[in-house]
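Given next are the chains, with one letter for each unit.
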Amino acid sequence: SIVGQGNIGTLVKSEAEAASKDASEEKTVCGLLTCLNLRQFAAQSWPKTILEALAAKAQGQGNGEAATKLKSYIKPTEGVEVGLVFSERFVNLPPQLIPPLHKALVEDIDWSFKTPECPDDERPF
């Protein structure tokens, strides 16, 4: 799902070594930040698996209050979109990159609402 979603999110890749001028050489992904809409990917298995794991984790927190709140946030509601943010990076990736990545994520979501080039199945997010 992350790989197939090209309009929202950012990959941080390493620069190819100067000694290697081969443009076909693959770059190393050092980090990513994206958001996946639960409704958009509801037909796939991963949303249910992740939400079940989150609910199980939340059940042991705050006398079950966290689980109740989580369920209220993620239940399907007309006119409300819920997305899961996925963020991963190498430990030594400069932390100064984090704010621009988050800003870019918000801009990507805004763009997907407004641009006619965005596919219809991704537009509601």
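For the structure itself, look to the data block above.
Thresholds, definitions, all that
Residues numbered from 1 in each chain as written. Predicted model: local features only at pLDDT ≥ 70, side-chain atom pairs only at ≥ 80, totals over all residues. Heavy atoms only, no water. Helix = DSSP H or I, 4+ residues; strand = E, 2+ residues; numbered from the N terminus. Buried < 20%, exposed > 50% of the residue type's maximum accessible area, 1.4 Å probe, protein only. Contact = heavy atoms within 4.5 Å. Areas by Shrake-Rupley, 256 points an atom, 1.4 Å probe, with all protein chains shown as cover. Core = buried A, V, L, I, M, F, W, Y, C linked by side-chain atoms within 4.5 Å. Salt bridge = Lys/Arg side-chain N within 4 Å of Asp/Glu carboxyl O. Axes fitted to C-alpha atoms, helices over the stretch in contact; angles between N-to-C directions. Parallel < 35°, antiparallel > 145°, perpendicular 65-115°, else oblique. Nonpolar A, V, L, I, M, F, W, Y, C, P; charged D, E, K, R; others polar. Pairing = 2+ DSSP bridges.

**Student:** Residues and numbers for the overall build of the chain, please.
**Tutor:** Along the chain, the regular secondary structure elements total three helices and three strands. For the chain, the sequential pattern of α-helices and β-strands runs β-β-α-α-β-α. The proportion of buried residues among the 125 residues of the chain is 26%. In the chain, the share of contacts with a sequence separation of at least 24, taken over all contacts with a separation of at least 6, comes to 66%. A total accessible area of about 8900 Å² is found for the chain, and carbon and sulfur atoms account for 58% of it.

**Student:** So, the nonpolar core: which residues are in play, and what are the values?
**Tutor:** The biggest cluster of nonpolar side chains holds nine residues, and these are Ile 8, Val 12, Cys 30, Leu 33, Cys 35, Leu 93, Leu 101, Leu 105 and Ile 109. Within the second largest apolar cluster, six residues are counted, among which are Leu 38, Phe 41, Leu 51 and Leu 84.

**Student:** Please set out the pattern of salt bridges residue by residue, giving values where relevant.
**Tutor:** Should their charged atoms come close, side chains of opposite charge can pair. On inspection of all chains with the given rule, the structure shows four salt bridges. We note a salt bridge from Glu 52 to Lys 48, for which the minimum N-O separation is 4.0 Å. On the criterion of helical spacing, the pair formed by Glu 52 and Lys 48 is a turn pair, its members being four residues apart in helix H1 (residues 46-59). The class for Glu 52 is partly exposed, based on a relative accessible area of 48%.

**Student:** Give a detailed account of the packing of H1 against helix H2 (residues 65-74), specifying residues and quantitative values.
**Tutor:** Contact geometry for H1 and H2: axes closest at 7 Å, N-to-C directions at 150°. Comparing the axis directions of H1 and H2 gives the class roughly antiparallel. For the pair H1 and H2, the contacting residues are Leu 51, Leu 54, Ala 55, Ala 58 and Gln 59 in the first and Ala 66, Ala 67, Leu 70 and Ile 74 in the second. Among the residues forming the contact of H1 with H2, the class breakdown is eight nonpolar, one polar and no charged.

**Student:** Please set out the sheet that holds strand E1 (residues 10-13) residue by residue, giving values where relevant.
**Tutor:** Strands sit in the order E1-E2-E3 across an open sheet of three strands; the sheet is antiparallel. The strands lining the two open edges of the sheet, one partner per strand, are E1 and strand E3 (83-89). With direction set aside, neighbouring strand axes in the sheet form an average angle of 5°. With seven bridges joining them, strand E2 (residues 29-37) and E3 adopt antiparallel strand pairing. Across the sheet, the residue bridging to Asn 37 is Gly 83, located in E3. Sitting on the sheet, H1 touches E2 and E3, and the angle it makes with E3 is about 85°. Sheet strands in contact with helix H3 (residues 98-114) are E1, E2 and E3, and its direction is about 35° off that of E2.

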